[in-house]
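For reference, the chains in residue letters:
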Amino acid sequence: MTAANKTVRMLTRYKAWANELIFSMLKDMPCEEVVRPRQTRFGNMVHTLNHIYVIDAVFQAHLQGREHGYAARNTPSHPSLEDMWQAVRTRVYRPTISTGQFTSSLLAAARAS
């Protein structure tokens, strides 16, 4: 296994661990608290997680050289916490980008900057 493969696997495991931690904490909170309006950029906790989901999708699409389909850094509304969790788990545990694509995309981006 190459160093790049090991790094991608480690980062994927870390992202999955962090998601498990964040979502399990939010699931333990009362639902009204998780979606309560707050003085933050995205208005509540779930919409902030939705922003992270959207940006992850944008990043993945750029690495794969395809369109991501988003017109903004977030969507006008957000799914339920449970639906968000299912979407995040699907993306983290079933990556659609190979390590080779990831490494090539990073190297191309580094050369372009």
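Residues numbered from 1 in each chain as written. Predicted model: local features only at pLDDT ≥ 70, side-chain atom pairs only at ≥ 80, totals over all residues. Heavy atoms only, no water.

Draft legend 1. Broad picture of the side chain of N44. As for its placement among the helices and strands, N44 is situated in the loop between α2 (31–34) and α3 (45–64). Overall, the relative accessible area of 10% leaves N44 in the buried class. Those residues in contact with N44, other than ones at most four positions away along the chain, are V34, V35, R36 and H78. (Helix = DSSP H or I, 4+ residues; strand = E, 2+ residues; numbered from the N terminus. Buried < 20%, exposed > 50% of the residue type's maximum accessible area, 1.4 Å probe, protein only. Contact = heavy atoms within 4.5 Å.)

Draft legend 2. Region of the structure containing helix α1 (residues 3–27). Over its 25 residues, α1 extends 36 Å from the first C-alpha to the last, a length consistent with the 36 Å expected when each residue adds 1.5 Å. All of the buried residues along α1 are V8, A16, A18, N19, F23 and L26. (Expected span 1.5 Å × (residues − 1).)

Draft legend 3. A look at the environment of T40. Of note, T40 is situated in the loop between α2 and α3. At 3.1 Å, the side chain of T40 forms a polar contact with the backbone nitrogen of G43. (Polar contact = N/O pair within 3.5 Å; in protein donor to acceptor, adjacent residues only side chain to side chain.)

Draft legend 4. Representation of the pattern of salt bridges within the structure. Within the structure shown, the criterion is met by four salt bridges. The salt bridge involving R36 is made with E33; its shortest N-O contact spans 3.2 Å. Here E33 falls in the partly exposed class, since its relative accessible area comes to 27%. What you see here is one network of salt bridges that share partners, running through E33, R36 and R38. (Salt bridge = Lys/Arg side-chain N within 4 Å of Asp/Glu carboxyl O.)

Draft legend 5. Representation of the packing of aromatic side chains in the model. Here the structure, examined in full by the defined rule, presents two aromatic pairs. Both rings, one in Y14 and one in W17, keep their centres 5.6 Å apart while their planes meet at 35°; by these two values the pair is tilted. Remark: W17 and Y14 occur in helix α1; sequence separation between them is three residues, near one turn of the helix. (Phe/Tyr/Trp six-rings, centres within 6.5 Å; stacked < 30°, edge-to-face > 60°.)

Draft legend 6. Focus on the confidence of the model for the protein. Chain-level statistics for the protein give a pLDDT mean of 85 and a share of 81% at 70 or above. Mean pLDDT values over the elements of the protein span from 60, in helix α5 (residues 99–112), up to 96, in α2. (pLDDT = per-residue confidence, 0-100.)

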